[in-house]
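If you want the building blocks of each chain, they are given just below.
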Amino acid sequence: MERKEFLRTLGAGAAFALSFPCLQGCSKEDGNGGNIPIPTGVDFTVDLNSAEAAKLATDGGFILKDWVVVVRNLQGSFVAASQVCSHQQYDQVRFISNDGGIFYCDVHGSKFAQDGKPLNQVDSSQPKPLKIFNTELTGDLLRVFE
Ligand code: FES
């Protein structure tokens with residue numbers, strides 16, 4: 001089914017909601033959609049045997065915790081980055097498997113390498129790196145910290 005056909009089957013309201021998801025703001029947390037503070041002072045542990053970590057059992061899986069995207073990359077290593085985008089600080093950064101595994105924000109399409117390096121330019125401003133956090137695995141406990 002083509003995208004247009006799919007949207008038509010959903011009706012105008014649903015098609016609008018799918019096409020323009022951020023007009024009313026992307027964050028339920030701050031209400032204004034952007035300008036969410038980049039997380040600081042991050043230091044938490046995830047038990048890889050816990051339910052919250054279930055998606056980290058698979059290469060390419062990720063979870064969101066305390067404004068951080070915690071990822072098991074396509075090589076099986078753990079990496080972590082700010083869930084808050086460096087562009088206009090929406091909380092929409094996620095991990096996608098494209099291009100060997102990158103961080104992606106769908107608000108304006110910013111892409112970042114796993115070391116936080118910007119991979120594209122979404123407007124005329126100089127792209128800023130995405131904040132990256134350290135990870136340390138001890139047994140089944142994954143620590144994420146600055
Ligand atoms: S806020 Fe993420 S791309 Fe603009």
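Residues numbered from 1 in each chain as written. Predicted model: local features only at pLDDT ≥ 70, side-chain atom pairs only at ≥ 80, totals over all residues. Heavy atoms only, no water.

A. Spotlight on the pairing of strand β1 (residues 43-47). Of the two faces of β1, only one is covered, namely that formed by F44 and V46; the face formed by D43, T45 and D47 stays uncovered. Bridge count for β1 against strand β9 (residues 141-145) is five bridges, and the pairing is antiparallel. The residue bridging F44 from the neighbouring strand is V144, located in β9. (Buried < 20%, exposed > 50% of the residue type's maximum accessible area, 1.4 Å probe, protein only. Helix = DSSP H or I, 4+ residues; strand = E, 2+ residues; numbered from the N terminus. Pairing = 2+ DSSP bridges.)

B. Just the sheet that holds strand β6 (residues 102-105), in detail. In spatial order, the strands read β5-β6-β7; together these three strands make up an open sheet with antiparallel pairing. Because the sheet does not close on itself, it has two edges, and the strands there are β5 (93-96) and β7 (110-112). Averaged over all neighbouring strand pairs, the angle between strand axes comes to 30 degrees, with direction disregarded. As judged from the four bridges shared by β5 and β6, these two strands associate in the antiparallel manner. Paired with R94 across the strands is Y104, a residue of β6. (Axes fitted to C-alpha atoms, helices over the stretch in contact; angles between N-to-C directions.)

C. Layout of the side chain of D91. Inspection of the secondary structure assignment puts D91 in the loop between β4 (78-82) and β5. With no salt bridge to any partner, buried D91 finds its closest opposite charge in R94, at an N-O distance of 5.7 Å. (Lys, Arg positive; Asp, Glu negative; His and termini not counted. Salt bridge = Lys/Arg side-chain N within 4 Å of Asp/Glu carboxyl O.)

D. Seen up close, the sheet that holds β9. Here six strands make up an open sheet; going across it, the order is β1-β9-β8-β4-β3-β2 and the pairing antiparallel. Each edge of the open sheet carries a strand with a single partner, namely β1 and β2 (62-65). Ignoring strand direction, the axes of neighbouring strands in this sheet form an average angle of 25 degrees. Pairing between strand β8 (residues 132-138) and β9: five bridges, direction antiparallel. Each residue of the ladder has a partner; that of L137, found in β9, is L142.

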